[in-house]
Amino acid sequence: MSAPRRSAAWFAAPGKVGFVHRSKLYGEGFDAGLFDGRPVVGIANSWSELNPCNAHLRRVADAVRRGITEAGGAALEFPTMSLGETLMRPTAMLFRNLMAMEVEETLRANPLDGVVLLAGCDKTTPAMVMGAASVGLPTVLVTGGPALTGEFRGEAVGSGTHVWRFSEEVRAGRMSPAEFRAAESCLARGNGHCNTMGTASTMACLTETMGLQLPGSATAPAVDAARLHIAAEAGRRAVAMVREGRGIGELLTRESLENAVRMNAALGGSTNAVVHLLAIAGRANVPLDLDDIDRLSRDIPLLVDLLPSGRQFMADLHAAGGVPAVVRELGDLLHRDRPTVDGRRLGDIADAAIPGRAGVVRPRHDPLQPAGSGVAVVRGSLAPDGAVVKQSAATPGLLRHRGRALVFDSIEDYDAHIDDPELDVDETTVLVVRYAGPRGYPGMPEIGNLSLPRRLLQQGVTDMVRISDARMSGTSYGTVVLHVAPEAAVGGPLAFVRTGDEIELDVPARRLDLLVDPSELTRRRAAWRAPEPAADRGWSRLYADHVRQADTGADLDFLVGRSGAGVPRRSL
Ligand code: FES
């Protein structure tokens, strides 16, 4: 005899308890079918007009509901926080763990046997997966899909990447402010998340690789009817997974996380994926660290020709066959036997996929960039616990570089002074911004791709070494060292750098060193005073008090691990 469903603890409860649990739902218009023992599947919807990337998810939710009902389940949709990358200040990342906690608590507190997660914009996907991983219910993820490729002045343009590019063109005097303004409405042609290989696209592809999404779910454009077909199938599969008793823990394993790291390298994916994968691994109790990420990325070539490392867009990757096409090309570099929400194994899905457009996913023997061009982890006296560099988006000649530091204690300080014509800066200078880490800002904003000094842009300089304890958008590019740990705000060596110090970056040797005598550093450390806390109340205070460093995923210390899908005590 199979175990009673989790939802039965609510709906089949005796006496007044069951009465109360059922009666208000009758009032909402549900009938006895909701309470007859069928799988009750939640639809966790991060729809919001404050999050343009997820603004179409109500329509996607309708399709999920249809699928759940067709499969003999009952759907209960509920809203979650929504983290809109473009509008939220100081940074959506400050709220990733809050959203994860909200998802975790909502799933645990309610009569749900399984869940379909609807996410999209950058932080919504890892937040939902983290929360669901801590609970462990049968879970299917549906990301909202990328926006269609934009066009401006006859050129295909993409989210993020072209914003940074145009902004530098204006600063260099090669684009007028009016043209810049006109480009605003041309970057995307409708709903959906960023259409380049930014963080949202990266996390969508990595979660499909981990088996959490159905084939094609990561790449089908937001407005493509395929997205609704996928959503309905996600509903059907969630019901089946409840019946089979297959929780998300079956999918989030060491092997599937290794697959995600390797896929990230093949995609030219976002550095943000490093922080998110570490956090997801922490929730799932899977051992994964920065050294694993460096090691697993080393023998993977860049195969996918998408901005910012390549030239094309998410709609092109979908036409090329999406994630299954990349899985097929990676072959034995992945654990192909991993299960997926589809019911088939990762490798079987790839083998069965019909080949798509050529020229987007390159063959392993003719990659876009050779093995070892993915995210590298550097360590040394400036970053004892590590920092990351996206090699595929960097200037090869700067991956080994020694230069004088020019140091700023905040991004506001940087913005106020970087275009000063008297500033002592040239293309060999190493630009440093600090106190922008998880605790220091707080929230670790995406300011690491610092704008270059206007004077140098006008001279034709296109890249410089930039170092910070911040993050950068996955759509960004340049020789940018990020996530320096420990961060300056907790007394990491970054706090002791002074303008004029020499810094040496050697990515091939995986080193980042501050070339200052250790005795001098000891003196500076003794004189250093920790900054006043950046937050004194509410969530920001809780976050700053408990956030871990970037090298372990920047989750809150008390949220790591699982709470489980047990049934909480009765409420009345
Ligand atoms: Fe939402 Fe880029 S702003 S995905």
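Owing to the predicted nature of the structure, the values given are computational and were not obtained by experimental measurement.

Asker: Residue-level account of the pattern of salt bridges, with values.
Answerer: Pairs can form between side chains of opposite charge whenever their charged atoms are close. Tallied over the entire structure, the rule returns 41 salt bridges. Of the charged contacts in the structure, one is a salt bridge between Arg171 and Glu168, with a shortest N-O distance of 3.3 Å. Placement of the pair is Arg171 and Glu168 together in helix H6 (residues 161-172), with a separation of three residues, close to one helical turn. Judged by its relative accessible area of 13%, Arg171 is buried. The class for Glu168 is buried, based on a relative accessible area of 15%. Residues joined in a network through salt bridges with shared partners are Glu85, Asp122, Lys123, Glu446 and Arg471.

Asker: Run through a nonpolar patch on the surface, naming residues and quoting values.
Answerer: On the surface, Phe19, Val20 and Leu572 cluster together into a nonpolar patch covering about 260 Å² of accessible area. Secondary-structure assignment places Phe19 in helix H2 (residues 15-27).

Asker: Describe in detail the side chain of Arg466, supporting the description with residues and values.
Answerer: Locating Arg466 in the fold gives a position in strand S11 (residues 466-468). Polar contacts involving the side chain of Arg466 include one to the main-chain carbonyl oxygen of Met464, which spans 3.1 Å. Residues in contact with Arg466, not counting those within four places in the same chain, are Leu431, Gly448, Asn449, Leu450, Leu452, Tyr477, Gly478, Thr479, Val480 and Val481.

Asker: Tell me about the side chain of Asp305, and please be specific about residues and values.
Answerer: With respect to the element layout, Asp305 can be found in the loop between helix H12 (290-298) and helix H13 (314-319). A relative accessible area of 0% places Asp305 in the buried class. In terms of polar contacts, Asp305 uses its side chain to reach the side chain of Arg311, at 2.4 Å. Aside from chain neighbours lying at most four places away, what touches Asp305 is Gly310, Arg311, Gln312, Gly359, Val360 and Leu368.

Asker: I'd like to hear about the pairing of strand S13 (residues 502-506), residue by residue, with values.
Answerer: Across five bridges, strand S9 (residues 400-408) lies against S13 in antiparallel orientation. The partner of His401 across the bridge, within S13, is Leu505. Strand direction decides the pairing type here: S13 and strand S14 (residues 511-514), joined by four bridges, are antiparallel. If you follow Asp506 over to S14, its bridge partner there is Arg511.

Asker: How would you summarise the sheet that holds strand S2 (residues 74-79) if you had to cite specific residues and measurements?
Answerer: With respect to topology, four strands assemble into an open sheet ordered S2-S1-S3-S4, the strand pairing being parallel. Each end of this open sheet is capped by a strand with a single partner; those strands are S2 and strand S4 (139-143). Within this sheet the neighbouring strands show an average axis-to-axis angle of 20°, counted without direction. One ladder, built from five bridges, connects strand S1 (residues 40-45) with strand S3 (residues 114-119); its direction is parallel. If you follow Ala44 over to S3, its bridge partner there is Leu117. Against the sheet, helix H3 (residues 57-70) makes contact with S1, S2, S3 and S4, and its axis sits at roughly 170° relative to S1, the strand it touches most. Contacts from helix H9 (residues 225-244) reach S1, S3 and S4, with the element oriented near 170° to S4.

About the thresholds
- Position numbers for residues start from 1 in each chain and track the written sequence from start to end.
- For this predicted model, a pLDDT threshold of at least 70 governs which residues receive local features, and a threshold of 80 or more governs which side-chain atom pairs are given and counted, while totals over whole chains, interfaces and linings are taken from all residues.
- The basis for every side-chain value is the complete set of heavy atoms in the structure, and neither hydrogens nor water enter the calculation.
- For this document, the term salt bridge refers to a Lys or Arg side-chain nitrogen within 4 Å of an Asp or Glu carboxyl oxygen.
- Labels follow the DSSP assignment, with helices taken as runs of H or I lasting at least four residues and strands as runs of E lasting at least two, numbered in each case from the N terminus.
- Only protein chains enter the calculation, and the probe is 1.4 Å; a residue is then buried if its accessible area is under 20% of its type maximum, exposed if over 50%, and partly exposed in between.
- Patch definition: residues above 30% relative accessible area lacking any salt bridge, with like charges linked at up to 9 Å and the nonpolar side chains Val, Leu, Ile, Met, Phe, Trp and Tyr linked at up to 5 Å.
- Residue exposure ignores everything except the shown protein chains as possible cover, and the areas themselves are Shrake-Rupley values with a 1.4 Å probe.
- Polar contact is defined as a pair of N or O atoms within 3.5 Å, subject to the rule that within protein one atom must be able to donate a hydrogen and the other to accept it, and that residues adjacent in sequence are counted only when both atoms are side-chain atoms.
- Contacts are assigned to residue pairs with any non-hydrogen atoms lying within 4.5 Å of each other.
- A pair of strands counts as paired when DSSP detects no fewer than two bridges linking them.
- Comment: axis = line fitted to C-alpha atoms, over the contacting stretch for helices; angle = value between 0 and 180 degrees taken between N-to-C directions.

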